[in-house]
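Given next are the chains, with one letter for each unit.
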Amino acid sequence: MKDVWNLPKYTVTATLQCAGNRRTAMSKSKTVKGVGWDVAALGNAIWSGPKLADVLELVGIPKLTSATPSGGKHVEFVSIDKCKEENGGPYKASIPLSQATNPLADVLLAYEMNGETINRDHGYPLRVVVPGVIGARSVKWLDSINIIAEECQGFFMQKDYKMFPPSVNWENIDWSTRKPQMDFPVQCAICSLEDSNIVKPGKITIKGYAVSGGGRGIERVDVSIDGGKTWLEASRFQKAGMPYIADNDSSSDKWAWVFFEVVTDVPKNTEIVAKAVDIASNVQPENVENIWNLRGILNNSWHRVHVRVGHSNM
């Protein structure tokens with residue numbers, strides 16, 4: 001284990017997002033199972049530690065390897081944490097070996113978070129950080145790493161966090177028909193306003209975050225103050241005063257969220273909508289009903305906030 005701390009240290013800014021982010025809004029369409037997250041089941045941090053590609057090279061697995069001579073094609077992470085879904089066994093997950101051995105994928109074994117030793121809540125002493133992938137794959141409290149031929153057979157890989165069409169319910173579900181979810185889709189949310197806020201007449205500032213999986217940058221964020229009939233393009237930035245350039249260059253914070261902002265007049269009660277587009281031209285779907293699934297994951301439909309214009313009685 002000490003060899004991990006002796007390897008070159010890399011720092012990656014990355015957003016980890018639960019697959020169930022915005023599940024509450026999906027459940028309003030039709031009941032789903034899972035924690036009722038609103039728009040805040042994600043976080044952005046500066047992670048530091050060796051790259052997994054360097055760690056695997058220590059044990060004889062070269063960079064950019066998709067299969068070992070013995071048939072290993074996946075890297076499994078096993079936690080110290082035990083859970084009822086594994087019948088008291090450890091939480092575990094895996095990623096493809098090709099991703100784990102690719103230095104540009106920036107998969108880390110993180111021992112620092114935001115410049116300090118990673119704390120217990122976030123996975124001390126060591127956690128995996130898999131940027132651009134749903135948070136369930138960034139295993140905390142790392143106990144062991146295994147090279148395996150097939151995907152991890154753990155509960156949260158095989159019987160959870162899979163995307164099913166709206167026609168599937170708990171009576172007809174067949175978990176084996178879907179692959180475990182990895183990348184998360186393009187997403188954005190308004191954070192400066194909450195549903196049913198009362199705002200003063202005149203100009204208001206609409207702000208929020210946007211992020212896309214797989215290191216895909218945010219090409220555009222559109223904001224509407226009339227429920228989606230007309231649109232304004234929001235400004236984007238990651239650091240105040242510095243223009244954001246949407247690309248997937250390794251020098252950019254391609255794994256981190258992007259902030260958006262637009263200032264506009266809101267003359268009457270209305271529905272404010274935001275949607276993002278990433279550099280692959282993926283765009284958020286208009287309606288949550290079209291992407292509803294029984295587990296309530298990956299709700300990336302247009303984010304909608306209703307506001308009333310007037311004076312609060314508070």
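Residues numbered from 1 in each chain as written. Predicted model: local features only at pLDDT ≥ 70, side-chain atom pairs only at ≥ 80, totals over all residues. Heavy atoms only, no water.

Along its length, the protein carries five helices and 18 strands. Its C-alpha atoms give the protein a radius of gyration of 21 Å, within 12% of the compact-globule value 20 Å for 314 residues. Sorting the 314 residues of the protein into buried and exposed places 48% on the buried side. Averaging the coordinates of the 35 positive side-chain charges in the protein and doing the same for the 34 negative ones gives two points 3 Å apart. (Helix = DSSP H or I, 4+ residues; strand = E, 2+ residues; numbered from the N terminus. Rg over C-alpha atoms; globule rule 2.2 N^0.38 Å. Buried < 20%, exposed > 50% of the residue type's maximum accessible area, 1.4 Å probe, protein only. Lys, Arg positive; Asp, Glu negative; His and termini not counted. Charge placed at Lys NZ, Arg CZ, Asp CG, Glu CD.)

Once that is clear, we can look at the environment of Trp141. As for its position among the elements, Trp141 is in the loop between strand E8 (127–129) and strand E9 (142–148). On a C-alpha basis, the gap between Trp141 and Pro125 in space is 6.5 Å, while along the polypeptide they are 16 residues apart. In contact with Trp141, other than residues within four places in its own chain, are Val78, Ser79, Ile80, Asp81, Arg120, Asp121, Gly123, Tyr124, Leu126 and Arg127. (Contact = heavy atoms within 4.5 Å.)

Summed over all chains, the structure comprises ten aromatic pairs. Seen in terms of ring centroids, Trp5 and Tyr111 are 5.4 Å apart; in terms of plane orientation they differ by 20 degrees. Their pairing is stacked. A residue pair is termed long-range when its members are at least 10 positions apart, and Trp5 in helix H1 (residues 2–6) and Tyr111 in the loop between strand E5 (108–110) and strand E6 (112–113) qualify at 106 residues. Exposure remark for Trp5: the relative accessible area of 36% places this residue in the partly exposed category. Seen in terms of ring centroids, Trp170 and Trp175 are 6.2 Å apart; in terms of plane orientation they differ by 55 degrees. Their pairing is tilted. Accessibility expressed as a relative area gives 34% for Trp170, which makes it partly exposed. We classify Trp175 as buried; its relative accessible area is 15%. By way of ring pairs, the aromatic residues Tyr91, Phe155, Phe156 and Tyr161 are connected into one cluster. (Phe/Tyr/Trp six-rings, centres within 6.5 Å; stacked < 30°, edge-to-face > 60°.)

To continue, consider the sheet that holds E9. If you walk across this open sheet you meet the three strands as E4-E3-E9, and the pairing is antiparallel. Two strands lie at the open edges of the sheet, namely strand E4 (90–96) and E9, each paired on one side alone. On average, each strand axis in the sheet is inclined to that of its neighbour by 20 degrees, with strand direction left out of account. Note that strand E3 (residues 74–82) and E9 share six bridges and pair antiparallel. By the bridge assignment for E9, His74 is matched with Ile148. (Pairing = 2+ DSSP bridges. Axes fitted to C-alpha atoms, helices over the stretch in contact; angles between N-to-C directions.)

The strands making up a sheet are joined through hydrogen bonds of the backbone, oriented either antiparallel or parallel. Here five strands make up an open sheet; going across it, the order is E11-E18-E17-E13-E14 and the pairing mixed. Across the chains shown, the open sheet's two edge strands, defined by having one partner strand only, are strand E11 (197–199) and strand E14 (232–233).

It is worth spelling out the side chain of Asp54 at this point. Structurally, the position occupied by Asp54 is in helix H3 (residues 52–58). Not counting residues within four places of it along the chain, the set of residues in contact with Asp54 comprises Leu7, Pro8, Tyr10 and Lys63.

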